[in-house]
Amino acid sequence: MTVLVVGGGPTGLATALFLARAGVAVRLLERRAATSPLPRATHVTRRTMELLREAGLEPAVAAVGFEVVPGDDPRARTEPDRVLPRTVIGIPSLARLDDAEVLETGEEELAVPGPCPPFWCGQDRMEPLLREGAVRAGADVRFGHELVGLDVGEDGVLARVRRPDGGLERLSARYLVAADGAHGWIPEHVGVVRTGLGTVARRTSILFRADLAGLIGHRRFFMSMIDNPGFSGALMQLNDAHGWAAAVEATALGPGPGPGPGTPNLPDAPQAAPAPAPERCLELLRAAIGVPGIRIDLAATFHWQARHRMADRYRQGPVLLVGDAAHLHPPAGGYGSNMGIQDAHNLAWKLAAVLRGWAGPALLDSYDAERRPVGIATARQTLLLDGVPSDRLGGTLPADPRTIIMGYRYRSASVPDGLSDPADLAGLADLPDLPDPAGPPARPADRDRPADPAADAFPAAFALTGAPGTRLPHVPVRLRRGDRTVTASTLDLCAPTTRTGPVLTLLTADERWRTTAAEVARDLGVPLRAHVLPAGESLPPALSFTRSCGTGRGGAVLVRPDGFVAWRSATHTAPSAEQRRRRLTAAVRALLALPADRAETHRPRLRSGR
C-alpha cells in the first residue's frame, strides 16, 4: 500500500476518504471494533460541509443531521425534524424559556456565501458515513486492528499490527498519517514534541432521553446555557427527537477523578473516574428541566478533560500528523473535528500529487507550514472561549468566528503570491466595488516566518476576496449537466473527480487564458484545467466573478485542489501570450515544488498512486 492511516475517528476516516477519492492506495487501522457510539463533535461547519459535499456526502449528512439555520427561519417551526436554529440561549431552566436571553445567533457565519449550509450531526452518525464513503472510494478500512510497533526510515515505514484474532502482521507503506488522537503514541515515537497548557477543565457529559416536546414547543435552539442553584452547565438536543446531552463541571457530580496528569510538557494519560451515581445525574437533569414529573432515561455518562497540547511540527519524515494528534484543545466553539477534517483535506491532495508524479516531494512541507499556524491560532480561540485569560495566551484577542471557520490564510511556498506582477494591478484601484486585488501583503516563500508561527493565520478582518492563500470566493455559476442547466458554485469547478483525481484550476473571464492553461499543462505534465466565466461586472459583487475574486476582466486566479487560491493575475487587459505563459508556468512550478531544472518540454506521464 502507499499510505497507512492510523486512527478511525472522524479525522482518520476523512483522510482515508479523501486519499481514496484521489486515487491513492490507502489502508486505515483502528483498534476499536466499531465506530463511536457517542454523539460528540456535533457542529459541522460550512467549510467542512464544503469538503464533504466535494466527497459526495452532503446528501447523506442532510439525511441524518439537522441543517443549521438562522433563528428566524420559518422552517424551524415547519420542519423541526430537518433544521436547527443557530441560537445559543441563556436560561434559568427549560421551564423558563420565555425568559431566555439570546447569547449567540450565528448570523454572520450563516451569511457567508457558500454552496451548502452547516449541519448539526454527531460523531455517532458522522463516522459511519465517512467509513462507508471511504470504503466505497476504494480505501481498505480495518477496524479491530491495532498498531503495536513502528519502524521509520527515510523512504517509508514498517508497521507491526495486531489483528482481531491476536495474530501479528507487518505492513510497509511509503507514508503514515497519524490520526490516533489525544492518547496516541506515534508523535513522541517519531520525535515530535507536544506541549501546551495541559488540562484546563474537567467535565462530565450526561446523555439521556426525555420527551420535552410539550415543554419546548417551537422554541428550538442550538444550545442552552442553564444556571440555577441545582444545575450550571449546557444542555443540547441530539440528532433525534428525544435524545439530549448535558455537560457540567465534573465537581457537580461529587468528588472528581483527582488531579491526575496534565503537566504542560507531557501528554495527559486517560483517567479512570468513578461512574457518577444515577440518582445524582437525575437530580441535575431535573433541575435543568425545571418541571417535575417528566420521565428521564439515562443513556450514558462519560468524563472528559478540556486540554491543550500542540505538536511542534506536523511532519517528521514519512510520518504526518492530523487532528488531535497534532492539535488538542477544548471543544468550545465546536472547531476540533472540523479542524481535523480540514487537515485531512489539505494533506490528501498533496500526498496524491507527489505520489502520482506531478508535484515535487517538497510540496508535503507546505502541510506543516499551512496547517500548524491555523491549528495554533484556533486552539488559542478555544481556550479564550473556555475561560483561559488572554494574558496566558500571549495577549490573544477574540477573533471573528467566520475567520476561524473559513477566513484563515495560508502562507507557504505553495502560495506563490509573491510572483504576482504589480503592473497587472494598474487601473483596478478606480473600481470602488472591486475587492483589494493584492489582498494582504505578500510573503515570499523564502522570507523568515514570524517568531509567532500563528501571527499571520487570522487576518485582522474577515474577507474572502480571491487573495492568494485564502479560500476561493463562492460565486453562483450555471453549468450544463446532460440536458439540464444547474446552478453550482465556483468551488464545484475546482473539485476533483473520480476520473481525474485532484487538479489545478484556472478561473478567468478571458478566453485567452484557456489556451495558456492548456500550454502550461502540456509543458509541465500537470493536471491543469481552465474555466472561462462571465465577468458579470454589472452584477452585485457577490454574483460577479471578476469583482468577487479581484481579477479584473483580463486576469485569472489559479486555484489549488483544496479550493484555496494559490496565485492571482489582476488586470483589465490580459497580458501578452508570452507573459501569460511565463507567469502561469512560474506560479505552477512554485505551487507544486517542481524542480527548477524541469524544462517546459518535460512531460512526465501522470501515474496512479495505487
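Relevant structure appears above.
Residues numbered from 1 in each chain as written. Predicted model: local features only at pLDDT ≥ 70, side-chain atom pairs only at ≥ 80, totals over all residues. Heavy atoms only, no water.

Draft legend 1. The arrangement of the packing of helix H2 (residues 46-54) against helix H10 (residues 336-355) in detail. The geometry of H2 relative to H10 is characterised by a closest axis approach of 9 Å and an angle of 45° between their N-to-C directions. Between H2 and H10, the angle falls in the class oblique. Here H2 runs over H10; the crossing is left-handed. Counting all contacts with H2, which are made through Arg47, Thr48, Leu51 and Glu54, the residues of H10 involved are Asn338, Ile341, Gln342 and His345. Taken together, the residues of the contact of H2 with H10 break down into two nonpolar, four polar and two charged. (Axes fitted to C-alpha atoms, helices over the stretch in contact; angles between N-to-C directions. Helix = DSSP H or I, 4+ residues; strand = E, 2+ residues; numbered from the N terminus. Parallel < 35°, antiparallel > 145°, perpendicular 65-115°, else oblique. Left-handed = near helix turned anticlockwise from the far one by under 90°. Contact = heavy atoms within 4.5 Å. Nonpolar A, V, L, I, M, F, W, Y, C, P; charged D, E, K, R; others polar.)

Draft legend 2. Inspection of the side chain of Arg194 at higher detail. You can see Arg194 is positioned in strand S14 (residues 194-209). Overall, the relative accessible area of 2% leaves Arg194 in the buried class. At a separation of 2.8 Å, a polar atom in the side chain of Arg194 contacts the side chain of Glu188. At a separation of 3.2 Å, a polar atom in the side chain of Arg194 contacts the main-chain carbonyl oxygen of Ala325. (Buried < 20%, exposed > 50% of the residue type's maximum accessible area, 1.4 Å probe, protein only. Polar contact = N/O pair within 3.5 Å; in protein donor to acceptor, adjacent residues only side chain to side chain.)

Draft legend 3. Examining the nonpolar core more closely. Within the largest apolar cluster, 111 residues are counted, with the highest numbers of intra-cluster contacts made by Val3, Leu528, Leu558, Leu584, Val588 and Leu592. With eleven residues, the top contributor of residues to this core is H10. Excluding residues that lie within four positions of it along the chain, Leu528 makes contacts with Leu504, Thr505, Leu506, Ala517, Val520, Ala521, Leu558, Leu584 and Val588. Judged by nonpolar contacts, the second largest core, of 25 residues, contains Phe221, Leu253, Ala288 and Ile289. (Core = buried A, V, L, I, M, F, W, Y, C linked by side-chain atoms within 4.5 Å.)

Draft legend 4. Structural detail: the packing of helix H1 (residues 10-21) against H10. The N-to-C vectors of H1 and H10 enclose an angle of 25°; their axes lie 8 Å apart at closest approach. What the angle tells us is that H1 and H10 run roughly parallel. Handedness of the H1/H10 crossing: right-handed. Every residue of H10 that contacts H1 at Pro10, Thr11, Ala14, Thr15, Phe18 and Leu19 is listed here: Ser337, Gly340, Ile341, Ala344, His345, Ala348 and Leu351. Along the lines of polarity and charge, the residues of the contact of H1 with H10 split into eight nonpolar, five polar and no charged.

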